[in-house]
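Structure at a glance
Residues per chain are reported as follows:
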Amino acid sequence: MAATATTADKLADLRERLSKAQDPGSERSRARRDEAGRSTPRQRINALLDEGSFVETGALGKTPGDPDAIYSDGVVTGYGRISGRPVCIYAHDKTVYGGSVGVTFGKKVTEIMDMAIKIGCPVIGIQDSGGARIQDAVTSLAMYSEIARRQLPLSGRSPQISVMMGKSAGGAVYAPVTTDFVIAVDKEAEMYVTGPNVIREVTGEDVTSAELGGARQQELNGNVSVVVGSEDEAFDMVRDLLDHLPLTCFDPAPEFAAPADDELDDEELNSFMPDDTNAGYDMFDLLTQLGDDEDIIEIQENYAPNMITAFGRIDGKAVGFVANNPLHQAGCIDADAADKGARFVRICDAYNIPLVFVVDTPGYMPGVEQEKAGLIHRGAKFAFAVVEATVPKVSLIVRKAYGGAYAVMGSKNLTGDINLAWPTAQIAVMGSAAAVVMIAGKQLEAAETPEQRAMTKKMFMDFYDETMTAPYVAAERGYLDAMIQPSESRLALRQALRQLEGKDTHDLPKKHTIAPM
């Protein structure tokens, strides 16, 4: 523009540049996006944030030294509000360099992350990226490293949420899985370190991108927190999560209205538990009756479903439920369940969200495959996380609580604060079926007929259940704070958490702990 340009000319030039920056991808790439029915990054951001709250930063950013460089450099960054609370946000633009990371892209994202670190607010990344910008060589890798470096000061201080909207490869998946939560849109999101074409060329393995890294597959791999059916559902999930989380670990999480104590009518819980101690039931059905309402957010629903990890509310305040599910593997804790539980416990502890353990587990999962999978160290990691957590920890034993699994599910001996139990609880080193082999093995071998053996086995198991697994044994020895009727559960949990609200514990001075192998 000429040096003699008027103010009006300069304003017109600014408007033209900002207009170009609104959707700067090529006509071909934009048409391909529109034909697929996908929204623009700014549309995605505005759909998530409170109406009119988005303030964009770096809209006129370009790759330096390139006369053909495109505005935005493949990412839209800025800040705004969700439910009136501040957030920082960025969204990849697949129509610009495939959403890959270049130098200006990296600077824009790190700037917005630095802002979140300074002011203390969540960071939300809407991911739809081709990964590193190959033509930028080491510069792209440097920018990925700069982004990753800022995730550490944010981790456990302010929530970080990744929303996977399309194909993300290489570095574009490492950054999301380092955040607190990964939300993936089914049939749209794909995640992999190495894409199918490279795999085919290098290893000869033939696999489609959906088979390799589709949302459902990556959920089963343990890399996704929640799979949703659409972009709108993904944004609803972000809002729901933030409703249970503080802005920083130094702030309280949002509180909501809750029914009064005298409005709790839970008589139906007295008939919830099946009479058959080996009958299955869906633990999730119980969790919806223990909190204020049925609005429970399950995390990693289809990964290790024998362990439920979920956010809910008790007394209007957020809690984290950790519960065994007898519908899957009888509620045993296997290596995957231990990993799942450990991470969720650490998330809740970081953001000062009390933990409620609902216990019905016959123990850690036995078997050769579990030993190969590293159950020893992965199981220990779960126990380590529970002990390390300093938030209020309340345990409700509703049925089986055997062996080491009893200990790690919030027991008083592993730093649980308040332990409650239903009269249907069974607490012991092991169940009667295993105990009969360990204790009465010689009598069983001495039985002369199968009928005599079965009778001996039943007599021993009945005696064991009545005298060794009854919860009153634990109550008499002070390992339970109270035996309660199921109908009293909601009120008892409220009262326990109210009492523990001012809990304050500190570890011995040191640099940091060392988690199990």
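Residues numbered from 1 in each chain as written. Predicted model: local features only at pLDDT ≥ 70, side-chain atom pairs only at ≥ 80, totals over all residues. Heavy atoms only, no water.

Re the overall build of the protein
For clarity, the cut-off: Helix and strand assignments come from DSSP, with helices taken as H or I runs of at least 4 residues and strands as E runs of at least 2, each series counted from the N terminus. Per-residue accessibility, obtained with a 1.4 Å probe over protein chains only, is compared with the maximum for each type, and a residue is labelled buried under 20%, exposed over 50%, and partly exposed between these values. Two residues form a contact once any of their heavy atoms are found within 4.5 Å. Accessible surface is estimated by sampling points in the Shrake-Rupley manner with a 1.4 Å probe; for residues, cover comes only from the protein chains shown. Charged residues are defined here as Lys and Arg on the positive side and Asp and Glu on the negative side; His and the ends of the chain fall outside this count. The location of each charge is read from NZ of Lys, CZ of Arg, CG of Asp or CD of Glu.
On a plain count of helices and strands, the protein comes out with 20 helices and 17 strands. In terms of overall dimensions, the protein has a C-alpha envelope of 105 × 60 × 45 Å along the principal axes. Put simply, the protein has 517 residues, and 50% of those count as buried. Contacts in the protein between residues at least 24 apart in sequence constitute 74% of all its contacts with a sequence separation of at least 6. Carbon and sulfur atoms provide 54% of the accessible area of the protein, an area that totals close to 24400 Å². Positive and negative charge centroids in the protein, built from 50 and 75 side chains respectively, lie 8 Å apart.

What about the nonpolar core?
Put simply, the rule reads: For the purposes of this section, nonpolar cores are sets of buried Ala, Val, Leu, Ile, Met, Phe, Trp, Tyr and Cys residues that join through side-chain atoms within 4.5 Å. An automatic or database domain assignment provides the domain bounds reported here.
Ile124, Leu241, Phe311 and Phe382 are the most contacted members of the largest nonpolar core, which has 64 residues in total. The residue makeup of this core includes at least three contributed by each of domain 1 (21–243) and domain 2 (267–500). Ranked by size, the runner-up nonpolar core spans 29 residues in total, among them Leu269, Leu286, Leu287 and Val356.

Structural notes on a nonpolar patch on the surface
To keep things clear, this is the line we draw: By definition, no residue in a patch forms a salt bridge, and every one has over 30% relative accessible area; like charges are joined within 9 Å, nonpolar side chains (Val, Leu, Ile, Met, Phe, Trp, Tyr) within 5 Å. Definition used for salt bridges: Asp or Glu carboxyl oxygen within 4 Å of a side-chain nitrogen of Lys or Arg.
Judged by side-chain polarity, Leu11, Leu14, Leu18 and Leu60 come together as a nonpolar surface patch covering roughly 300 Å² of accessible area. The residue Leu60 is located in the loop between strand E1 (55–57) and strand E2 (75–82) in this model. Here Leu60 falls in the partly exposed class, since its relative accessible area comes to 36%.

Let's talk about a negative patch on the surface
Together, Asp240, Asp293, Glu294 and Asp295 line one region of the surface with negative charge. Take Asp240: it is sitting in helix H10 (residues 231–242). With relative accessibility at 34%, the residue Asp240 sits in the partly exposed group.

Structural notes on the domain arrangement of the protein
Where we set the bar: The term buried area means the drop in 1.4 Å probe accessible area that two parts suffer when joined, counted for both and summed. Each polar contact in these results corresponds to two N or O atoms within 3.5 Å; when the atoms are within protein, one needs to be able to donate a hydrogen and the other to accept it, and residues that are neighboring in sequence are counted only if both atoms are side-chain atoms.
Taken as a whole, the protein is organised into domain 1 (21–243) and domain 2 (267–500). In this complex, domain 1 contributes 22 residues to the contact, which on the side of domain 2 involves 13 residues. Taking both sides of the interface into account, the surface hidden between domain 1 and domain 2 amounts to around 1200 Å²; carbon and sulfur atoms contribute 56%. Linking domain 1 with domain 2 are zero salt bridges. Our count for the domain 1 to domain 2 interface comes out at eight residue pairs in polar contact (both at pLDDT 80 or more). The set of elements that each furnish at least two residues to the side of domain 1 that touches domain 2 consists of helix H9 (215–220) and H10.

Some remarks on the sheet that holds strand E9 (residues 226–228)
The cut-off we apply is this: Following DSSP output, two strands are said to pair if at least two bridges run between them. To obtain each axis, a line is fitted to C-alpha atoms, and for helices this fit is confined to the stretch in contact; angles are then taken between N-to-C directions over 0 to 180 degrees.
What the seven strands build is an open sheet, ordered E1-E2-E3-E4-E5-E7-E9; its pairing is mixed. The open sheet has two edge strands, E1 and E9, and neither has a second partner. Sheet twist, expressed as the average angle between the axes of neighbouring strands with direction ignored, equals 20°. Relative to E2, E1 is paired through three bridges, and the arrangement is antiparallel. Across the sheet, the residue bridging to Thr57 is Thr77, located in E2.

Quick look at the packing of helix H4 (residues 103–119) against helix H5 (residues 138–154)
Cut-off, in case you're wondering: Roughly parallel means an angle under 35 degrees; roughly antiparallel means over 145; roughly perpendicular covers 65 to 115; every other angle is labelled oblique.
Here H4 crosses H5 at 10°, and the two axes come no closer than 9 Å. One element, H4, and the other, H5, form an angle in the roughly parallel class. Contact with H4, carried on its side by Val103, Gly106, Lys107, Val109, Thr110, Met113, Asp114, Ala116 and Ile117, involves Thr139, Met143, Glu146, Ile147, Arg150, Gln151, Pro153 and Leu154 of H5 and no other residues of that element.

Re the pattern of salt bridges
Across all of its chains, the model carries 33 salt bridges by this definition. The closest approach of N and O atoms between Asp236 and Arg239, which form a salt bridge, is 2.7 Å. With Asp236 and Arg239 both in helix H10, this residue pair falls three residues apart, about one helical turn. Taking the relative accessible area as the measure of exposure, Asp236 reaches 40% and is therefore partly exposed.

Quick word on the packing of aromatic side chains
The criterion, for reference: Each pair of aromatic rings taken from Phe, Tyr and Trp, with Trp reduced to its six-membered ring, is defined by centres within 6.5 Å and is described as stacked if the planes are under 30 degrees apart, edge-to-face if over 60, and tilted in the remaining cases. Look at NZ for Lys and CZ for Arg. If either is within 6 Å of the ring centre and within 35 degrees of the ring normal, a charge sits over the ring.
In this structure the tally under the stated criterion is three aromatic pairs. Their ring planes at 65° and their centres at 6.0 Å tell us that Phe181 and Phe311 sit as a pair that is edge-to-face. With Phe181 in strand E7 (residues 181–185) and Phe311 in strand E11 (residues 307–314), this pair connects stretches of sequence that are 130 residues apart. According to the relative accessible area criterion, Phe311 is buried, its value standing at 0%. Ring centres of Phe272 and Tyr281 lie 5.4 Å apart, and the angle between their planes is 85°; this geometry places the pair in the edge-to-face category. Each residue in the set Phe181, Phe311 and Phe344 is aromatic and connected to the rest through ring pairs, giving one cluster. When the ring centre of Tyr71 is taken as reference, the NZ or CZ atom of Lys62 above it lies at 4.4 Å. One residue, Arg313, lies across the ring of Phe256, its end atom 4.0 Å from the ring centre.

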